[in-house]
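Remarks on the overall topology
Each chain, letter by letter, is given below.
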Amino acid sequence: MQTIKIGTRKSELALKQANNVGASIEKLGGTYELVLIQSVGDIDLKTPLHEIGFTGVFTKALDMALLNGDIDIAVHSLKDVPTELPKGIVQAAVIKRDNPIDILVTKEALNLATKLTIATGSIRRKAQWLHKYPAHQIVGLRGNVHTRLQKLADSEWSGAIFSHSGLDRVDLIPVHHIELNWMTPAPAQGVVTISIAEANVALMPFIQQLNHAETALITQIERDFLNELEGGCSAPIGALASIEKDTVRFKGVLTAPDGKQQFEIEETIKMDQVVDFGRKCAQSILAKGGAEIMKELQN
Ligand SMILES: NCc1[nH]cc(CCC(=O)O)c1CC(=O)O
């Protein structure tokens, strides 16, 4: 078999994720090389992501490279991948999920009952934080993991919110942090995915060996929930599914951007009824009043 060209962004986290996939390819007897590709999300480091104006800020350049054959596979954080893939691109495999939760990195022990300033660039984290701590102030924060940690260190802020898995993969979980178990993570947070060109039928079966079936099932539910709700705009949506024996548990959250309103659903169903579970949960959120929030976000 030919050396597999893995396309990746060049941030330390992206490289780590791509090399982890490469190591799995080697375990299966293959060889790989990395091809570094810049995305719009890496060039424009200022504009909040939800304002950049098209989906796939981190994935589009890699999709193009797949389609024109510059790379064989692309490795992404699944939460950065639009729920609707471009024509000709398919998900070949997802890797077993790491810890999906968000954490608050702080400089010292904090009293959350006081008026604090918390940094995040994510509209979901901001909305859920303000819902729980209405007296707090949120400030914007973008950039890769290193940059964000440095900005926190150089600031007067009390803390900043990060993905646990994102920090953990580059060994950067600081001493002072709080696990935000009450916060519902982004759909597919903590999961790495491998995209491939649909036309690359020769390589598909080999890459599919890397797929973790349970992770594929729960992330499909989370992304169906997102897709059914969002209709093309980015919204403060959280979703987390998990498997317990023969049942699937799901929690989904849609929050108004200012945190004043939040619609939640928590459901458990039998595994054999899982078809369309995510979509049904989204419809229930919309019926409860979530449709109003989505309408406002579209304007
Ligand atoms: N938003 C950017 C992003 N995309 C994927 C990760 C980390 C890996 C993951 O959460 O799956 C991060 C960093 C973060 O959210 O702090």
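Residues numbered from 1 in each chain as written. Predicted model: local features only at pLDDT ≥ 70, side-chain atom pairs only at ≥ 80, totals over all residues. Heavy atoms only, no water.

1. Structural notes on the confidence of the model for the protein
So the rule is basically this: pLDDT is a residue-level measure of predictor confidence that goes from 0 to 100.
Across the protein, the average pLDDT comes to 94, with 94% of residues at or above 70. In the model output, the complex is listed with pTM 0.95 alongside ipTM 0.97.

2. Here we look at unusual backbone geometry
A negative phi holds for most residues other than glycine; trans holds for most peptide bonds. Put simply, the test is: Under the scheme used here, helices are H or I runs from DSSP no shorter than 4 residues and strands are E runs no shorter than 2 residues, and both carry numbers assigned from the N terminus. Burial classes follow relative accessibility: with a 1.4 Å probe on protein chains only, a residue under 20% of its type's maximum area counts as buried, one over 50% as exposed, and anything between as partly exposed.
The phi dihedral of D171 is positive, around 55 degrees, even though this residue is not glycine. Of note, D171 is situated in the loop between helix 6 (164-169) and strand 9 (177-180). Since its relative accessible area comes to 65%, D171 is described here as exposed. Residue A188 is not a glycine yet carries a positive backbone phi of 70 degrees. On the secondary structure map, A188 appears in the loop between strand 9 and strand 10 (192-197). The class of A188 is buried, set by a relative accessible area of 0%.

3. Focus on the packing of helix 8 (residues 213-230) against helix 9 (residues 277-298)
Short version of the rule: Angles here are taken between N-to-C directions and fall from 0 to 180 degrees, while the axes themselves are lines fitted to C-alpha atoms, restricted in helices to the stretch in contact. Handedness of a crossing follows from how the near helix is turned relative to the far one, being left-handed for an anticlockwise turn of less than a right angle and right-handed for a clockwise one. Throughout, a contact is declared for two residues whenever any of their heavy atoms are within 4.5 Å.
Their axes nearest at 8 Å, the elements helix 8 and helix 9 cross at an angle of 35 degrees. Helix 9 is crossed by helix 8, and the crossing has right-handed handedness. Here I221, D224, F225, N227, E228, L229 and E230 of helix 8 come into contact with helix 9, specifically with F277, G278, R279, C281, A282, Q283, I285, L286, M294 and Q298.

4. Some details on the side chain of E230
Just so we agree on the cut-off: By the counting rule applied here, Lys and Arg register as positive and Asp and Glu as negative, while His and the ends of each chain are not counted. Here a salt bridge means any side-chain nitrogen of Lys or Arg lying within 4 Å of a carboxyl oxygen belonging to Asp or Glu.
In this fold, E230 is placed in helix 8. Buried charged residue E230 carries no salt bridge. Nearest counter-charge: R223, at 7.6 Å. If we skip the residues at most four places from it in the chain, E230 touches T83, I237, M294 and Q298.

5. Things to note about the site of the ligand
Our working definition: Whether a residue is near a molecule or strand depends on its heavy atoms: if one lies within 4 Å, it is near. Each polar contact in these results corresponds to two N or O atoms within 3.5 Å; when the atoms are within protein, one needs to be able to donate a hydrogen and the other to accept it, and residues that are neighboring in sequence are counted only if both atoms are side-chain atoms. Each accessible area value is a Shrake-Rupley result obtained with a 1.4 Å probe; residue values ignore everything except the protein chains displayed when judging cover. Classification convention: Asp, Glu, Lys, Arg as charged; Ala, Val, Leu, Ile, Met, Phe, Trp, Tyr, Cys, Pro as nonpolar; all other residues, Gly among them, as polar. An automatic or database domain assignment provides the domain bounds reported here.
K79, R125, R148, S163 and G190 are the nearest of the 14 residues found near the ligand. Here an oxygen atom of the ligand and a side-chain polar atom of R125 are 3.0 Å apart. Here an oxygen atom of the ligand and a backbone polar atom of G190 are 2.7 Å apart. Relative to its unbound accessible area of 390 Å², the ligand is 87% covered by the protein chains. Of all the secondary structure elements, the ones that give two or more residues to the shell around the ligand are strand 8 (159-163) and helix 6. No other element matches helix 6, which puts 3 residues into the shell around the ligand. The residue makeup of the shell around the ligand, split by class, is 3 nonpolar, 6 polar and 5 charged. Each of domain 1 (4-95 + 192-211) and domain 2 (102-180) accounts for three or more of the residues forming the shell around the ligand.

6. Regarding the sheet that holds strand 9
As a reminder, the rule being used: Strands are labelled as partners when DSSP assigns at least two bridges between them.
Strand order across the open sheet formed by 5 strands is 7-6-8-5-9, with mixed pairing between neighbours. Single-partner strands in this sheet number two, and they are strand 7 (137-139) and strand 9. With strand direction ignored, the average angle separating the axes of adjacent strands in the sheet is 30 degrees. The pairing of strand 5 (residues 102-106) with strand 9 spans 4 bridges and is classified as antiparallel.

7. Comments concerning helix 4 (residues 123-132)
Among all positions of helix 4, only R124, R125, A127, Q128, W129 and L130 are buried. By the N-cap criterion, in which a side-chain oxygen at the helix start approaches the backbone nitrogen of a residue two or three places on, helix 4 is capped by S122, the distance to R124 being 3.3 Å.

8. Points about the domain arrangement of the protein
We note that the domain assignment places domain 1 (4-95 + 192-211), domain 2 (102-180) and domain 3 (223-298) within the protein. Here the C-alpha centroids of domain 1 and domain 2 sit 27 Å apart.

9. So, the nonpolar core
Heads up, the rule is: Throughout this description, the term nonpolar core refers to a set of buried Ala, Val, Leu, Ile, Met, Phe, Trp, Tyr and Cys residues connected via side-chain atoms within 4.5 Å.
Counting residues in hydrophobic clusters, the biggest one holds 23 residues, and the most contacted among them are F225, F250 and F277. Sort the elements by how many residues they give to this core and helix 9 lands first, with 6 residues. Not counting residues within four places of it along the chain, the set of residues in contact with F277 comprises I221, V248, F250, E267 and I269.

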